[in-house]
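One-letter residues, chain by chain:
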Amino acid sequence: MVSIAIDGPAGAGKSTIARAASKELGYIYVDTGALYRSIGLYMIRHGISLQDAEAIAFNVENVQIELKFIQGEQRVFLGEEDVSDLIRTPEVSMAASAVSAVPKVRQFLLDLQKDMAKKNNVVMDGRDIGTVVLPNADVKIFLTASAEERAKRRCKELEEKGQAVSYQEVLTDIQQRDYNDSHREIAPLKQAEDAVLLDTSHLDLQQSIQALLDLVKNKLN
Ligand code: DC
């Protein structure tokens, strides 16, 4: 099986680029952020405080989480319920960020992620795929863009949805999340030593997808 690990900060376009590249390669695309988001949703629904790491660690044992691939698209299930769309709210983003800093949660999700890569050719995106989850991945890419460029893209996206936003606020938020993700104690966001850096600050979407595919093809040949 072939594994492509893609890590990088929030808002770098990882999921869009990884999804498109996986289609081109005929691999499945595994969005590991969805797992952390689903556990965040579970904690919200069960009234567990997101500040209470012990309670989160205790309750994660009861979470029944499963990834299914329906017409090639990843869907995430909590028990019988498909929560793939429910986990895309700002509230759940915050909860995901909180639960992802709890070691027991990361441990809980580790086997599930490893197992996906054992059974399938995967493009897997997250924060610690190349460093922790798939240290032997065939290709590791650290996908990033400057905080300013990521903020610009996010503003454009929100404006297209008709939401008024302040560039400065979006930028501050991105910088804060970068800081949190790279300074947490367990599995912080960092480039694996053997990962290739792909900076998309000066590339559009098509160019970014092509650059990623070129890197993969170069490595696999
Ligand atoms: O990529 P995303 O925004 O859907 O991720 C949601 C949260 O989960 C984010 O705060 C970082 C965390 N996460 C993580 O710690 N490790 C991963 N492999 C993927 C996501």
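Residues numbered from 1 in each chain as written. Predicted model: local features only at pLDDT ≥ 70, side-chain atom pairs only at ≥ 80, totals over all residues. Heavy atoms only, no water.

Draft legend 1. Local environment of the UniProt feature "binding site: ATP" (unreviewed entry) in the chain. Under the feature "binding site: ATP" (unreviewed entry), the UniProt entry names Gly8, Pro9, Ala10, Gly11, Ala12, Gly13, Lys14, Ser15 and Thr16. Structurally, Ala10 can be placed in the loop between β1 (3-7) and α1 (14-25). The contact partners of Ala10, leaving out residues within four places of it in the chain, are Arg127, Arg150, Arg177 and Asp178. Of the residues examined, Ala12 reaches a relative accessible area of 1% and is grouped as buried. (UniProt positions renumbered as here; feature names shortened; annotations may be inferred. Helix = DSSP H or I, 4+ residues; strand = E, 2+ residues; numbered from the N terminus. Contact = heavy atoms within 4.5 Å. Buried < 20%, exposed > 50% of the residue type's maximum accessible area, 1.4 Å probe, protein only.)

Draft legend 2. Region of the structure containing unusual backbone geometry. In the Ramachandran plot, Gln71 falls in the positive-phi region, its phi being about 50° despite a non-glycine side chain. Residue class for Gln71 comes out exposed when judged on its relative accessible area of 81%. Notably, Ala187 is not glycine yet its phi reads approximately 45°, a positive angle. Relative to the assigned elements, Ala187 resides in the loop between α8 (167-183) and β8 (196-199). Note on Ala187: relative accessible area 15%, which makes it buried.

Draft legend 3. Region of interest: empty space enclosed by the protein. Counted under the stated rule, the structure contains one cavity of 30 Å³ or more. By volume, the largest cavity is sized at about 40 Å³. Residue lining of the largest cavity: Ala5, Asp7, Gly130, Lys140, Ile141, Phe142, Lys190, Gln191, Ala192 and Ala195, and that is the complete set. Of all the elements in the fold, those that place two or more residues in the lining of the largest cavity are β1 and β7 (139-144). Residues that form the lining of the largest cavity fall into these classes: five nonpolar, two polar and three charged. (1 Å grid on protein atoms, 1.4 Å probe; cavity = no way out; pocket = protein on both sides within 12 Å on 5 of 7 lines; lining within 4 Å. Points joined across faces, edges and corners; volume = space filled by probe spheres on them. Nonpolar A, V, L, I, M, F, W, Y, C, P; charged D, E, K, R; others polar.)

Draft legend 4. Quick peek at the packing of aromatic side chains. By the definition in use, this model includes zero aromatic pairs. Positioned above the aromatic ring of Phe77, the side-chain terminus of Lys68 is 4.2 Å from the ring centre. (Phe/Tyr/Trp six-rings, centres within 6.5 Å; stacked < 30°, edge-to-face > 60°. Lys NZ or Arg CZ within 6 Å of the ring centre and 35° of its normal.)

Draft legend 5. Highlighting the UniProt feature "domain: Cytidylate kinase" (unreviewed entry) in the chain. According to UniProt, the "domain: Cytidylate kinase" (unreviewed entry) feature falls on residues 4-217. Summarising residues 4-217: 51% helix, 17% strand, and an end-to-end C-alpha distance of 11 Å.

Draft legend 6. Fine view of the packing of α1 against helix α9 (residues 205-220). One way to put it is that α1 packs onto α9 with a least axis distance of 9 Å and a crossing angle of 55°. Between α1 and α9, the crossing angle belongs to the class labelled oblique. Viewed along their axes, α1 and α9 form a crossing whose handedness is right-handed. Here Thr16, Ile17, Ala20, Ala21, Glu24 and Leu25 of α1 come into contact with α9, specifically with Leu205, Ser208, Ile209, Leu212, Leu213 and Val216. Grouping the amino acids of the contact of α1 with α9 by side-chain chemistry returns nine nonpolar, two polar and one charged. (Axes fitted to C-alpha atoms, helices over the stretch in contact; angles between N-to-C directions. Parallel < 35°, antiparallel > 145°, perpendicular 65-115°, else oblique. Left-handed = near helix turned anticlockwise from the far one by under 90°.)

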